[in-house]
Amino acid sequence: LADYIEKTHHRYVERKSVEIMPYLQKVVNVHGERHPELYEIEELFIGAVQALTAHMKKEELILFPFVRQIVKAENAGSSL
């Protein structure tokens, strides 16, 4: 499950975040003066991407390796 989450969902979020950002910036640049709420939307999106990226990195570096270690120990018949 950890491999699936990492390879499917984490990579998807990374790709789509990079893909969405230029479109959002273009909309803000073109329409921001008439619609100042777009600046807040851009700020919130950037914050959400940063928070999600940090969360996914923690999963990849801490949680998933620990889960894999537990599974490996269980498969070997031992415990941590």
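Model, not experiment: these values are computed from the prediction.

Regarding the overall build of the protein
From N to C terminus, the protein includes two helices and zero strands. Taken over the C-alpha trace, the protein has a radius of gyration of 19 Å; the compact-globule value for 80 residues is 12 Å, which it surpasses by more than 25%. In terms of its C-alpha atoms, the protein occupies a principal-axis envelope of roughly 65 × 15 × 10 Å. Among the 80 residues that make up the protein, the fraction classed as buried is 19%. Long-range contacts, defined here as pairs at least 24 residues apart, represent 56% of the contacts in the protein between residues at least 6 apart. Accessible surface for the protein amounts to roughly 6300 Å². Of this, 62% is attributable to carbon and sulfur atoms.

Re a nonpolar patch on the surface
Residues Leu63, Val67 and Val71 make up a contiguous nonpolar surface patch of roughly 210 Å² in combined accessible area. By the element assignment, Val67 lies in helix H2 (residues 37-75). A residue is classified by how much of its surface remains accessible, and Val67, at 32% relative accessible area, is partly exposed.

Here's the deal with the pattern of salt bridges
Scanning the model with the defined rule gives seven salt bridges in all. Two residues, Glu6 and Arg68, come together in a salt bridge whose shortest N-O distance is 3.2 Å. Separated by 62 residues along the polypeptide, Glu6 in helix H1 (residues 2-31) and Arg68 in helix H2 bring together distant segments of the chain. Of the charged contacts in the structure, one is a salt bridge between Lys57 and Glu60, with a shortest N-O distance of 3.4 Å. Remark: Glu60 and Lys57 occur in helix H2; sequence separation between them is three residues, near one turn of the helix. Linked through salt bridges whose partners overlap, the residues forming this network are Asp3, Glu6, Arg11, Glu14, Lys57, Glu60 and Arg68.

Quick look at the packing of H1 against H2
At a closest axis distance of 10 Å, the pairing of H1 and H2 adopts a crossing angle of 165 degrees. The orientation of H1 relative to H2 falls into the category roughly antiparallel. In the packing of H1 onto H2, the handedness of the crossing is left-handed. Along the lines of polarity and charge, the residues of the contact of H1 with H2 split into 17 nonpolar, four polar and eight charged.

Reading the values: the criteria
- The written sequence of each chain sets the order in which its residues are numbered from 1.
- Local features in a predicted model are, by the rule used here, given only for residues with pLDDT of at least 70; side-chain atom pairs are given and counted only at 80 or more, and totals for whole chains, interfaces and linings are based on all residues.
- Excluding hydrogens and water, the side-chain figures rest on all heavy atoms present in the structure.
- Secondary structure follows DSSP: runs of H or I at least 4 residues long count as helices, runs of E at least 2 residues long count as strands, and numbering of each begins at the N terminus.
- As defined in this context, the radius of gyration uses C-alpha atoms, and a globule is described by 2.2 Å times the residue total to the power 0.38.
- Relative accessibility decides the category of a residue: with a 1.4 Å probe and only protein chains considered, values under 20% of the type maximum give buried, values over 50% give exposed, and everything between is partly exposed.
- Here, residues are in contact when the closest pair of their heavy atoms is within 4.5 Å.
- Here the accessible surface of atoms and residues is derived via Shrake-Rupley with a 1.4 Å probe, and residues count as covered only by protein chains that are part of the display.
- Put simply, a patch holds well-exposed residues, over 30% relative accessible area, that have no salt bridge, with like charges counted together within 9 Å and Val, Leu, Ile, Met, Phe, Trp or Tyr side chains within 5 Å.
- The rule for a salt bridge is simple: a side-chain nitrogen of Lys or Arg has to be within 4 Å of a carboxyl oxygen of Asp or Glu.
- As a rule, the C-alpha atoms of each element are fitted with a line to give its axis, helices using only the stretch in contact, and angles between N-to-C directions run from 0 to 180 degrees.
- Angle categories are assigned with fixed cut-offs, so that under 35 degrees is roughly parallel, over 145 is roughly antiparallel, 65 to 115 is roughly perpendicular, and the rest are oblique.
- Take the far helix as your reference; a near helix turned counterclockwise from it by less than a right angle gives a left-handed crossing, and one turned clockwise gives a right-handed crossing.
- Polarity classes work like this: nonpolar for Ala, Val, Leu, Ile, Met, Phe, Trp, Tyr, Cys and Pro, charged for Asp, Glu, Lys and Arg, and polar for all others, with Gly in that last group.

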